[in-house]
Amino acid sequence: MAVTYQIDYLEFPSKDGLKTRRFFEEAFDWSFVSYGPTYHVIEAAGIDAGIDGDAGEAAGTPLPVVRTTDLEAAQRAVEFAGGVITRPAFDFPGGRRFHFREPGGCEMAVWISVS
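Residues numbered from 1 in each chain as written. Predicted model: local features only at pLDDT ≥ 70, side-chain atom pairs only at ≥ 80, totals over all residues. Heavy atoms only, no water.

Peer 1: Please clarify how the overall build of the chain should be interpreted in this entry.
Peer 2: Across its full length, the chain carries two helices and eight strands. Walking the chain from its N terminus toward its C terminus, one meets helices and strands in the order β-α-β-β-β-β-α-β-β-β. Here the C-alpha radius of gyration of the chain, 15 Å, is about what a compact globule of 115 residues would show, namely 13 Å. The C-alpha extent of the chain, read off along each of the three principal axes, is 45 × 30 × 20 Å. Residues counted as buried form 35% of the 115 residues belonging to the chain. Considering only contacts within the chain whose residues lie at least 6 apart along the sequence, 49% involve residues at least 24 apart. Total accessible area computed for the chain in this model is approximately 6,900 Å², and 57% of it derives from carbon and sulfur atoms. Measuring between centres, the 10 positive side-chain charges of the chain sit 4 Å from its 17 negative side-chain charges. (Helix = DSSP H or I, 4+ residues; strand = E, 2+ residues; numbered from the N terminus. Rg over C-alpha atoms; globule rule 2.2 N^0.38 Å. Buried < 20%, exposed > 50% of the residue type's maximum accessible area, 1.4 Å probe, protein only. Contact = heavy atoms within 4.5 Å. Areas by Shrake-Rupley, 256 points an atom, 1.4 Å probe, with all protein chains shown as cover. Lys, Arg positive; Asp, Glu negative; His and termini not counted. Charge placed at Lys NZ, Arg CZ, Asp CG, Glu CD.)

Peer 1: When you look at the side chain of T20 in this model, what are you seeing that I'm missing?
Peer 2: The topology assignment puts T20 in helix α1 (residues 17–28). With a relative accessible area of 18%, T20 lands in the buried category. If we skip the residues at most four places from it in the chain, T20 touches S14 and I51.

Peer 1: Which parts of the structure should I look at to understand α1?
Peer 2: The periodicity of an α-helix, 3.6 residues per turn, causes residues three or four places apart in sequence to face the same way. The end-to-end C-alpha distance of α1, which contains twelve residues, comes to 16 Å, matching closely the 16 Å that a straight helix rising 1.5 Å per residue would cover. Inspection of α1 places G17, T20, R21 and F24 among the buried residues, and these make up the whole buried set. All buried residues of α1 lie within an arc of 100 degrees about the axis, which places them on one face of the element. Across α1 from its buried face, at more than 90 degrees, point the exposed residues K19 and E26. Next to the buried residues of α1 lie β1 (5–13), β2 (31–34), β3 (39–43) and β4 (49–52). (Expected span 1.5 Å × (residues − 1). Arc of directions from axis to C-beta.)

Peer 1: How do you make sense of the pairing of β1 when you look at a structure like this?
Peer 2: Regular strands place their side chains on alternate faces of the sheet. Note: β1 against strand β5 (residues 63–68), six bridges, orientation antiparallel. In the strand pairing of β5, Y9 is matched with V65. Across four bridges, β1 lies against β4 in parallel orientation. Within β4, the residue paired with E11 across the bridge is G50. (Pairing = 2+ DSSP bridges.)

This is the structure:
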């Protein structure tokens, strides 16, 4: 089976996740599911997305997240193509992911679902 790659998530960093959440609720009428005090999943935004309000964890810019069927193969492909791993693979509720910077400077992540 071939490894697949698809952008399927966008993560917004925030210095104050609750303020960002309230803004999106008021401006766009989006609804949310909270996972702890600092992470809020956005519903009905047209793409799966979330707000990372943990200042120690959040990237400085929105983080495009690519879903794959093979995390290790994805990491090898990223490194072979010149990407630099900025955060080694780690577990989170529902999956596992790593972060990298592509040669042009964009920070991205690749994840796999873990059931």
